[in-house]
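Geometric and topological summary
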Amino acid sequence: QVQLVESGGGLVQAGGSLRLSCAASGIIFSVSRLGWYRQAPGKQRELVADISSAGSTNYADSVKGRFTISRDNDKKTVYLQMNSLKPEDTAVYYCNAQLHVTVALGIRDYWGRGTQVTVSS
């Protein structure tokens, strides 16, 4: 069974940095798009950043210039480097992956359980 496990969340002061990691495990035929989403209290889940298999990236306007998404295909891992953190970045961050696990299922979305990021002012 495939699994996505996030790590790196925690409590940090405004202006600080955190690096989130998400590793995919299990038998996976291929890893397509990878992304990070977040959900703050009282808000809907939103896209933070994603990265294609070719390495092209997209970022939410609110994090452009501060966050960087990257991937290590050999390790089946996606990272989110978060710099200059703001209190409004506080949220649960979720890893999302488009994975081709079996021929029958094709490419589907998989989600991690999330990791809490709290930024204090």
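Below or above, wherever it landed, is the structure these notes cover. Position numbers for residues count from 1 along each chain, tracking the sequence in the order it is written. Given that the model is predicted, a residue must reach a pLDDT of at least 70 before its local features are reported, and side-chain atom pairs must reach 80 or more before they are shown or counted; all residues, however, enter totals for whole chains, interfaces and linings. Calculated side-chain values reflect all of the structure's heavy atoms, with hydrogen atoms and water omitted.

Pairing is antiparallel across the open sheet formed by four strands, whose spatial order is 1-3-8-7. Whereas interior strands pair on both sides, the edge strands pair on one side only; in this sheet they are strand 1 (3–7) and strand 7 (67–72). Going from strand to strand, the sheet's axes swing by 15 degrees on average, the running direction of each strand aside. A pair of strands counts as paired when DSSP detects no fewer than two bridges linking them. The way it works is that DSSP assigns letters per residue, a run of H or I at least four long becomes a helix, a run of E at least two long becomes a strand, and they are numbered from the N terminus. Note that strand 1 and strand 3 (residues 18–25) share five bridges and pair antiparallel. In the sheet register, Val5 faces strand 3, and the bridge partner there is Ala23. In this description, a line fitted to the C-alpha atoms serves as the axis of each element, helices being fitted only across the stretch in contact, and the angle between N-to-C directions of two axes falls anywhere from 0 to 180 degrees.

Quick look at unusual backbone geometry now. A positive phi angle, close to 50 degrees, is found at Lys76, a residue other than glycine. With respect to the helices, strands and loops of the structure, Lys76 is situated in the loop between strand 7 and strand 8 (77–82). In this structure, Ser84 is a non-glycine residue whose phi angle is positive, near 50 degrees. Locating Ser84 in the fold gives a position in the loop between strand 8 and strand 9 (91–100).

Below, the discussion takes up the state of the cysteines. The disulfide definition used here is simple: a pair of cysteine sulfur atoms within 2.5 Å. Enumeration over the complete set of coordinates arrives at one disulfide. Each disulfide pairs two cysteine sulfurs, and for Cys22 the partner residue is Cys95, the sulfurs being separated by 2.1 Å. Negative torsions about the S-S bond denote left-handed disulfides, and the value of about -80 degrees found for Cys22 with Cys95 makes this one left-handed. Here the residue Cys22 occupies a position in strand 3, and Cys95 occupies one in strand 9, the gap between them amounting to 73 residues. The exposure class assigned to Cys22 is buried, which follows from its relative accessible area of 1%. Buried means the residue's accessible area, taken with a 1.4 Å probe over protein chains only, is under 20% of the maximum for its type, while exposed means over 50%, and partly exposed covers the values in between.

Moving on, we come to the packing of aromatic side chains. For Phe, Tyr and Trp, where Trp contributes only its six-membered ring, two rings pair if their centres lie within 6.5 Å, and the inter-plane angle classes them as stacked under 30 degrees, edge-to-face over 60, or tilted in between. Overall, the coordinates contain one aromatic pair when judged by the stated rule. Look at NZ for Lys and CZ for Arg. If either is within 6 Å of the ring centre and within 35 degrees of the ring normal, a charge sits over the ring. We note Arg19 situated over the ring of Tyr79; from NZ or CZ to the ring centre the distance is 4.0 Å. Above the plane of the ring of Tyr94 lies Arg45, whose end atom (NZ or CZ) is 3.6 Å from the centre.

Among the buried residues, those of types Ala, Val, Leu, Ile, Met, Phe, Trp, Tyr and Cys that are joined through side-chain atoms within 4.5 Å form a nonpolar core. Of all hydrophobic cores here, the largest spans 31 residues; its most connected members are Trp36, Leu80, Met82 and Tyr93. Elements that contribute at least two residues to this core include exactly strand 3, strand 4 (30–39), strand 5 (46–51), strand 7, strand 8, strand 9 and strand 11 (115–120). Ranked by residue count, the leading element in this core is strand 9, at five residues.

What follows is about the environment of Asp61. Within the element layout of this structure, Asp61 appears in the loop between strand 6 (57–59) and strand 7. Given the relative accessible area of 63%, Asp61 is considered exposed. Residues Asp61 and Val48 lie 13 residues apart in sequence; the distance between their C-alpha atoms is 8.6 Å. A polar side-chain atom of Asp61 sits 3.1 Å from a polar atom in the side chain of Lys64. As used in this structure description, the phrase polar contact means that two N or O atoms lie within 3.5 Å; if the pair is within protein, one of them must be able to donate a hydrogen and the other to accept it, and residues adjacent in sequence are counted only when both atoms belong to side chains.

This part is about the pattern of salt bridges. Every case where a carboxyl oxygen of Asp or Glu lies within 4 Å of a side-chain nitrogen of Lys or Arg is listed as a salt bridge. Throughout the structure, instances matching the rule amount to five salt bridges. Where Arg33 meets Asp50, a salt bridge forms, and the shortest distance between an N and an O atom there is 3.3 Å. A residue pair is termed long-range when its members are at least 10 positions apart, and Arg33 in strand 4 and Asp50 in strand 5 qualify at 17 residues. Residue Arg66 is joined to Asp89 by a salt bridge in which the shortest nitrogen-to-oxygen separation is 2.8 Å. Of this pair, Arg66 sits in the loop between strand 6 and strand 7 while Asp89 sits in the loop between strand 8 and strand 9, placing them 23 residues apart in sequence. Residue class for Asp89 comes out buried when judged on its relative accessible area of 1%. One continuous salt-bridge network, built from bridges that share partners, spans Arg38, Glu46, Arg66 and Asp89.

By themselves, these observations are geometric and do not establish any function.
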